[in-house]
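Structural overview for review
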Amino acid sequence: MADTTEKNTATPDDTIFGKIIRGEIKTEFLYKDDKCVAFKDINPVAPIHILIVPIKFITQISEAKEEDEKLLGHLLLVAKKVAEDQKLDKGYRLVINNGKEGQQSVYHLHIHLIGGKQLSWPPC
Ligand code: DGP
């Protein structure tokens, strides 16, 4: 039986997000520049759930390097801009899941932008 899990559809330096970034999987971008893209999460946990994904392949935040400092700052500013575009003026949450215990499922760094309703805390 065909296995369609992320593990088997991705090469070690690629994931489903690489395919989205390259346009191999048709996805509407809510934001795009030469460093990152933003698109809706396929499994939204709130009325607004958008992923901000760097074009550079970094597996996870714990693997980011000193040289990624500017890029990481850029991703946060893009997340802020997308939140403004979505009119999330009452608040929102930015989340980076990291590794197994962080419940990361796609190993291409991304920031979740979640909002559009009253969120609860703590998250676990
Ligand atoms: P994380 O668990 O932090 O690695 O989040 C990965 C998110 O990616 C998860 O919320 C679902 C989303 N996702 C997985 N595959 C696709 C896809 O093919 N398209 C879109 N738009 N989102 C996806």
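A quick note: this is a predicted structure, and the numbers were derived from the prediction, not measured.

Looking only at helices and strands, the protein chain features 3 helices and 5 strands. For the protein chain, the succession of helices and strands along the chain, N to C, is α-α-β-β-β-α-β-β. Taken over C-alpha atoms, the radius of gyration comes to 15 Å for the protein chain, in line with the 14 Å a tight globule of 124 residues would show. Dimensions of the protein chain, computed from the C-alpha atoms along their principal axes, are close to 45 × 35 × 30 Å. The 124 residues of the protein chain split such that 35% are buried. Long-range contacts, defined here as pairs at least 24 residues apart, represent 54% of the contacts in the protein chain between residues at least 6 apart. Surface exposure of the protein chain reaches about 8300 Å², of which carbon and sulfur atoms provide 54%.

Around the ligand, 15 residues are found, and the nearest of them are Lys40, Asp41, Asn97, Ser105 and His112. In this structure, Asn97 approaches the ligand through a side-chain N or O atom, which is 2.8 Å from an oxygen atom. Residue Gln103 places a main-chain N or O atom 3.0 Å away from an oxygen atom belonging to the ligand. Put simply, the ligand lies in the largest pocket. Contributing elements (two or more residues each) for the shell around the ligand: helix H2 (16-21) and strand E2 (36-40). It is H2 that contributes the most residues to the shell around the ligand, 3 residues altogether.

Our focus in this paragraph is the layout of surface pockets. As a volume, the largest pocket reaches approximately 910 Å³. Along the walls of the largest pocket sit 32 residues, with Asp41, Asn43, His49, Leu51 and His112 positioned nearest its centre. Breaking the lining of the largest pocket down by element, the ones donating at least two residues are H2, E2, strand E3 (48-54), strand E4 (92-95) and strand E5 (111-115). Its residues assigned to classes, the lining of the largest pocket shows 15 nonpolar, 10 polar and 7 charged.

Further remarks concern the UniProt feature "active site" (unreviewed entry) in the protein chain. Cross-referencing UniProt, the feature "active site" (unreviewed entry) maps to His110 in the present numbering. With respect to the helices, strands and loops of the structure, His110 is situated in the loop between E4 and E5. With a relative accessible area of 7%, His110 lands in the buried category. When neighbours within four sequence positions are excluded, His110 is seen to be in contact with Phe17, Leu51, Ile52, Val53, Val95, Ile96 and Gln104.

Judged by nonpolar contacts, the single largest core of 17 residues is most densely connected at Ile52, Leu75, Val82 and Leu113. Of all elements in the fold, only E2, E3, helix H3 (69-85) and E5 reach the threshold of two or more residues within this core. When residues of this core are assigned to their parent elements, the largest contribution, 6 residues, is made by H3. Ignoring any residue separated from it by four or fewer positions in sequence, one finds Ile52 in contact with Cys36, Val37, Ala38, Leu75, Val78, Ala79, Leu109, His110, Ile111 and Leu113. Of all hydrophobic cores here, the second largest spans 8 residues; its members include Ile20, Phe39, Val53 and Val106.

What counts, and where the lines are drawn
- Residues numbered from 1 in each chain as written.
- Predicted model: local features only at pLDDT ≥ 70, side-chain atom pairs only at ≥ 80, totals over all residues.
- Heavy atoms only, no water.
- Helix = DSSP H or I, 4+ residues; strand = E, 2+ residues; numbered from the N terminus.
- Rg over C-alpha atoms; globule rule 2.2 N^0.38 Å.
- Buried < 20%, exposed > 50% of the residue type's maximum accessible area, 1.4 Å probe, protein only.
- Contact = heavy atoms within 4.5 Å.
- Areas by Shrake-Rupley, 256 points an atom, 1.4 Å probe, with all protein chains shown as cover.
- Near = heavy atom within 4 Å.
- Polar contact = N/O pair within 3.5 Å; in protein donor to acceptor, adjacent residues only side chain to side chain.
- 1 Å grid on protein atoms, 1.4 Å probe; cavity = no way out; pocket = protein on both sides within 12 Å on 5 of 7 lines; lining within 4 Å.
- Sits in = over half its atoms within 2 Å of the grid points.
- Points joined across faces, edges and corners; volume = space filled by probe spheres on them.
- Nonpolar A, V, L, I, M, F, W, Y, C, P; charged D, E, K, R; others polar.
- UniProt positions renumbered as here; feature names shortened; annotations may be inferred.
- Core = buried A, V, L, I, M, F, W, Y, C linked by side-chain atoms within 4.5 Å.

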